[in-house]
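Chain by chain, the residues:
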Amino acid sequence: MKIICIGRNYVAHIKELNNAIPTSPIFFLKPDTALLIRNRPFYYPAFSTDIHYEVELVLKICKTGKHIQKKFASDYFNEIGIGLDMTARDLQDTAKTKGLPWAVAKGFDQSAPVSKFLPKSQFSDLKNISFHLDLNGTTVQQGNSGLMMYDFDDIISNISTFMTLRTGDYIFTGTPAGVGPVTVGDKLEAWIEGEKMLSCSIK
Ligand code: MG
């Protein structure tokens, strides 16, 4: 499986990192070795001193497809979860400055903690899913799928223009404002609406 992550999908987050607003979705990949499941702890890697959290809604692909038209895109995912796009911001900043790929800054081991998934049918309106992230019990990020520049269907249609989507692939759909650093001893908890979905201790 592959993990596809959308960057710059919430205007407030684009502004906090002083990035330009994209004219089409931008995305990058994490390898399957980035996955961290079942609320296992995240071990702070030695190669970075500035690991950030980015909370994001995650789609689970349920059908193989390419060149998926937007009007059919919702047939290609059936579950929604939440994940953390853990980012070595120091390595990413260096990569951005030098025009180098983000593979290391975004794709290192354990850089994709992912929750359990909920059936899509549980949500009455996919354009109004609220979610938030607590850091040591204080809410640091709040988002709503209605604030995404590119919605779920846009994202699936766009990605599948370039890459075949396969059953079991995950799509991270972008982070709202409020990203920030973690330190050893922190606890991250991610929620979709009123339900706690993911807990991750930083060790
Ligand atoms: Mg992200």
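Each remark here, short or long, concerns the structure printed above.
This one's a predicted model, so the numbers in the text were calculated from it and none came from an experiment. (Residues numbered from 1 in each chain as written. Predicted model: local features only at pLDDT ≥ 70, side-chain atom pairs only at ≥ 80, totals over all residues. Heavy atoms only, no water.)

Caption draft 1: Fine view of the coordination of the magnesium ion. Taken together, Glu54 (OE), Glu56 (OE) and Asp85 (OD) make up the protein donors of the magnesium ion, found 2.0 to 2.1 Å from the metal. Written as a sequence motif, the donor arrangement for the magnesium ion is E-x1-E-x28-D. Of this pair, Glu56 sits in strand β5 (residues 55–61) while Asp85 sits in the loop between β6 (77–84) and β7 (87–88), and the two are 29 residues apart along the sequence. (Donors = N, O, S within 2.8 Å, 3.2 Å for Na, K, Ca; no water. Helix = DSSP H or I, 4+ residues; strand = E, 2+ residues; numbered from the N terminus.)

Caption draft 2: Local environment of the pattern of salt bridges. Taken as a whole and judged by the stated rule, the model has ten salt bridges. One salt bridge connects Glu54 with Lys106, and the closest N-O pair in it is separated by 3.3 Å. Taken together, the residues span a long stretch of sequence, with Glu54 in the loop between β4 (51–53) and β5 and Lys106 in helix α3 (residues 103–107) at a distance of 52 residues. The same class applies to Glu54 and to Lys106, which are both buried. Of the charged contacts, one joins Lys60 and Glu79 as a salt bridge, the two residues approaching to 3.5 Å between their closest N and O atoms. Here the residue Lys60 occupies a position in strand β5, and Glu79 occupies one in strand β6, the gap between them amounting to 19 residues. The class for Lys60 is partly exposed, based on a relative accessible area of 21%. For Glu79, a relative accessible area of 23% corresponds to the partly exposed category. Salt bridges linked by common partners bring Lys30, Glu54, Asp85, Arg89 and Lys106 together as one network. (Salt bridge = Lys/Arg side-chain N within 4 Å of Asp/Glu carboxyl O. Buried < 20%, exposed > 50% of the residue type's maximum accessible area, 1.4 Å probe, protein only.)

Caption draft 3: Representation of the nonpolar core in the model. Counting residues in hydrophobic clusters, the biggest one holds 43 residues, and the most contacted among them are Ile80, Met86, Ile156, Ile171 and Leu188. Breaking this core down by element, the ones donating at least two residues are β1 (3–7), β4, β5, β6, β9 (130–135), α4 (152–162), β13 (187–192) and β14 (195–201). Each residue touching Ile156, except ones within four places of it in the same chain, is listed here: Leu59, Ile61, Ile68, Ala73, Tyr76, Phe77, Leu165 and Ile171. The next biggest cluster of nonpolar side chains, apart from the first, holds ten residues, and it includes Ile3, Val58, Phe117 and Tyr170. (Core = buried A, V, L, I, M, F, W, Y, C linked by side-chain atoms within 4.5 Å. Contact = heavy atoms within 4.5 Å.)

Caption draft 4: Focus on helix α2 (residues 89–98). What α2 keeps buried is the set Arg89, Gln92 and Ala95. Down the axis, α2 shows its buried residues gathered within 120° of arc, on one side only. For α2, the exposed residues set more than 90 degrees away from the buried face come down to Thr97 and Lys98. Lining the buried residues of α2 we find β4, β7 and α3. Backbone geometry just after α2 places Gly99 at a positive phi near 70°. (Arc of directions from axis to C-beta.)

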